[in-house]
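Structural overview for review
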Amino acid sequence: MAYKILSKKQGQAEFEMNFPIIEWEKALEKAYQKDGKQFAVAGFRKGKVPRKTIEKNYGADIFWETAIGELFSPMYSKMLDDNTDINPIEYPTIDPRVDENGLFIKGTVATQPEFTLGKYKGLEVKKTKVTVEDKHVEDYLERMRTVRARLVNAPNGHKIVMGDIAVINFIGTVDGVAFQGGTADDYELEIGSNSFIDTYEQQLVGKKAEESLDVKVKFPENYHAKELAGKPAVFATTITAIKVKELPELNDELASEISEFKTLVEWRTDIKSKIQQESEKQAVKQDEEALIAKVVSETKIEVPQKMIDGQVQNQLADLEYRLAQQGANLEVYAQYLGKTMDEFNKEQAEIAAHIIKTRLIFDAVAKIENITITKDEIEAEAKRVNANLKNRDHMSYIQQDLQFTKTLEYLKSNNKLA
């Protein structure tokens, strides 16, 4: 048995394998031992039917698929071990043929793109400047006041403004007919929260308690209730009360209630320090992303569509899982971003291409600069994150993550942030 590489060209490798008749017969017998027990033939107990009888009743090639796998899989693994420059991106396509000499396989496999690594040292990237102003601190304090705000009834004659709570009764109709879920009493609606469809909330601005009005809106085209999607509706609305937020005073008392500090001055100082620290962390991430983008831009790579499609599939599967935990889905998320599904999918493909290029370039840099990860480093990280040391997938992921981090540190040390 032997293999031969026929060609290695951009994005594809061609090969052939030969297995002599004696190896083919052994593989057929092994396939029979593995699968033969599932076949039933009249006159024989199930699991005791001779191989030749099964082949006569079910076809001479009934065990071929399993037998081919028995021979092909280990030989394919050996071929990849011997030819480390062949990096498959999917399972190969094979064309097997059997004759009196044995099994002959011709195959092709899509591979990672070949490329010439561009400049990755001596580059210059503009460093993110971090400036924390008093306004950032005051904005934070205002959010804290809002969290501690209490609702009180608005004074007589108060007109609704953004941020108020309107207590409303409403009956929604489409073509004059009330629809399910479109009626409520004493509903508390925060104006500006955008929790109601279309311009419903905006139409309440400027109204007073005890006023009634018809609010005219249109359901979104992709509304979850298909019988309402895209249709105009009228909500007969009565404002029964208005509540406003009463914010606590910004003073030492509030500081001692919310924070660990006794005075507002101390609290402000701590807030500014923490905003500075967080801003610096974000700046480091932005600088790293800018450096990665710069390094990637120096190398031209044509990423096969199959690689992009596979990466997009992984991205969307992960995103769908996280959205499902929040009771949402991809369509809702795309709407939240203000994008159509076509725009969203195009953006995901662009992200996928960048991720693939980054990985390929980092792998090439690591190989040239001999950036490796030791077994001890992998095990130490596995213990730190409480990963299963016996799970190969976990360990492989940890190794890749560590090598990416170490390669990034190398690039940061050999390029300039100014």
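Our subject is the structure that appears above.
For the structure given in this document, a descriptive report is provided here.

Thresholds applied
- Residues numbered from 1 in each chain as written.
- Predicted model: local features only at pLDDT ≥ 70, side-chain atom pairs only at ≥ 80, totals over all residues.
- Heavy atoms only, no water.
- Helix = DSSP H or I, 4+ residues; strand = E, 2+ residues; numbered from the N terminus.
- Rg over C-alpha atoms; globule rule 2.2 N^0.38 Å.
- Buried < 20%, exposed > 50% of the residue type's maximum accessible area, 1.4 Å probe, protein only.
- Contact = heavy atoms within 4.5 Å.
- Areas by Shrake-Rupley, 256 points an atom, 1.4 Å probe, with all protein chains shown as cover.
- Lys, Arg positive; Asp, Glu negative; His and termini not counted.
- Charge placed at Lys NZ, Arg CZ, Asp CG, Glu CD.
- Pairing = 2+ DSSP bridges.
- 1 Å grid on protein atoms, 1.4 Å probe; cavity = no way out; pocket = protein on both sides within 12 Å on 5 of 7 lines; lining within 4 Å.
- Points joined across faces, edges and corners; volume = space filled by probe spheres on them.
- Nonpolar A, V, L, I, M, F, W, Y, C, P; charged D, E, K, R; others polar.
- Salt bridge = Lys/Arg side-chain N within 4 Å of Asp/Glu carboxyl O.
- Axes fitted to C-alpha atoms, helices over the stretch in contact; angles between N-to-C directions.
- Polar contact = N/O pair within 3.5 Å; in protein donor to acceptor, adjacent residues only side chain to side chain.
- Parallel < 35°, antiparallel > 145°, perpendicular 65-115°, else oblique.

**A closer look at the overall build of the chain**
Regarding its fold elements, the chain presents 11 helices and 11 strands. Over its C-alpha atoms the chain spans a radius of gyration of 33 Å, topping by over 25% the 22 Å that the globule rule assigns to 418 residues. Counting every position in the chain, which comprises 418 residues, the buried fraction comes to 33%. The long-range fraction of contacts in the chain, counting pairs at least 24 apart against all pairs at least 6 apart in sequence, stands at 64%. With the model as given, the accessible surface of the chain reaches about 26500 Å², and the carbon-plus-sulfur share is 49%. Each charge sign in the chain was given a centre, from 58 positive and 69 negative side chains, and these centres are 5 Å apart.

**Description of the pairing of strand β10 (residues 232-246)**
The sheet contact formed by strand β6 (residues 150-153) and β10 spans four bridges and is antiparallel. Bridge pairing in β10 links L151 to K245. Here strand β7 (residues 165-174) runs beside β10; their pairing, made up of nine bridges, is antiparallel. By the bridge assignment, I168 is partnered in β10 with I239. Examined bridge by bridge, strand β9 (residues 212-218) and β10 share seven bridges and lie antiparallel to one another. Bridge pairing in β10 places K218 opposite P232.

**Re the layout of surface pockets**
The volume enclosed by the largest pocket comes to roughly 1500 Å³. Around the largest pocket sit 42 residues that line it, and Q112, R359, L360, F362 and D363 are the ones nearest its centre. For the lining of the largest pocket, the elements supplying multiple residues, two or more each, are β1 (2-9), β2 (12-20), α7 (305-325), α9 (341-368) and α11 (392-413). Broken down by element, the lining of the largest pocket gets its largest block of residues, 11 residues, from α9. By residue class, the composition of the lining of the largest pocket is 17 nonpolar, 17 polar and eight charged. Here the second largest pocket is characterised by a volume of approximately 560 Å³. As for the second largest pocket, its lining consists of 22 residues, of which I197, F219, P220, Y223 and H224 are closest to the centre. Only β8 (177-190) and α8 (330-336) provide two or more residues apiece to the lining of the second largest pocket. Broken down by element, the residue count for the lining of the second largest pocket peaks at four residues, all from β8. Looking at the lining of the second largest pocket residue by residue, the class counts come to 12 nonpolar, eight polar and two charged.

**So, the pattern of salt bridges**
If you walk through the whole model with that rule in mind, you get 27 salt bridges. Linking R150 and E246 is a salt bridge whose minimum nitrogen-to-oxygen distance equals 2.7 Å. Separated by 96 residues along the polypeptide, R150 in strand β6 and E246 in strand β10 bring together distant segments of the chain. Note on E246: relative accessible area 35%, which makes it partly exposed. A single salt-bridge network, built from bridges that share partners, covers E25, E29, R51 and E55.

**Focus on the sheet that holds β2**
If you walk across this open sheet you meet the four strands as β1-β2-β4-β3, and the pairing is antiparallel. If you trace the sheet from one side to the other, it starts and ends with β1 and β3 (93-99), each paired once. This sheet shows a mean twist of 10° between the axes of neighbouring strands, independent of strand direction. Relative to β2, β1 is paired through seven bridges, and the arrangement is antiparallel. The residue of β2 that forms the bridge with S7 is E14. Its contacts with the sheet place helix α1 (residues 21-35) against β2, β3 and β4 (102-110), and it is angled at close to 90° to β2. Docked against the sheet, helix α3 (residues 64-82) engages β1, β2, β3 and β4, running at close to 125° with respect to β2.

**Focus: the side chain of N415**
For N415, the position within the fold is in the loop between α11 and β11 (416-417). By relative accessible area, N415 is classed as buried at 11%. Within the structure, the side chain of N415 is placed 3.0 Å from the backbone oxygen of Y120, a separation counted as a polar contact. Within the local environment of N415, its side chain forms a polar contact with the backbone nitrogen of L123, the two atoms lying 2.7 Å apart. Here N415 is in contact with Y120, K121, G122, L123 and L291, once residues within four sequence places are set aside.

**Looking at the packing of helix α6 (residues 264-297) against α11**
Put simply, α6 and α11 touch, their axes get as near as 11 Å, and they point 85° apart. Viewed along their axes, α6 and α11 adopt a mutual orientation that is roughly perpendicular. Facing V284, E288, L291, I292 and V295 of α6, the residues of α11 in contact are F404, L408, L411 and K412. Each residue belonging to the contact of α6 with α11 can be placed in one class, and the counts come to seven nonpolar, no polar and two charged.

What is shown is where atoms sit, not what they do.
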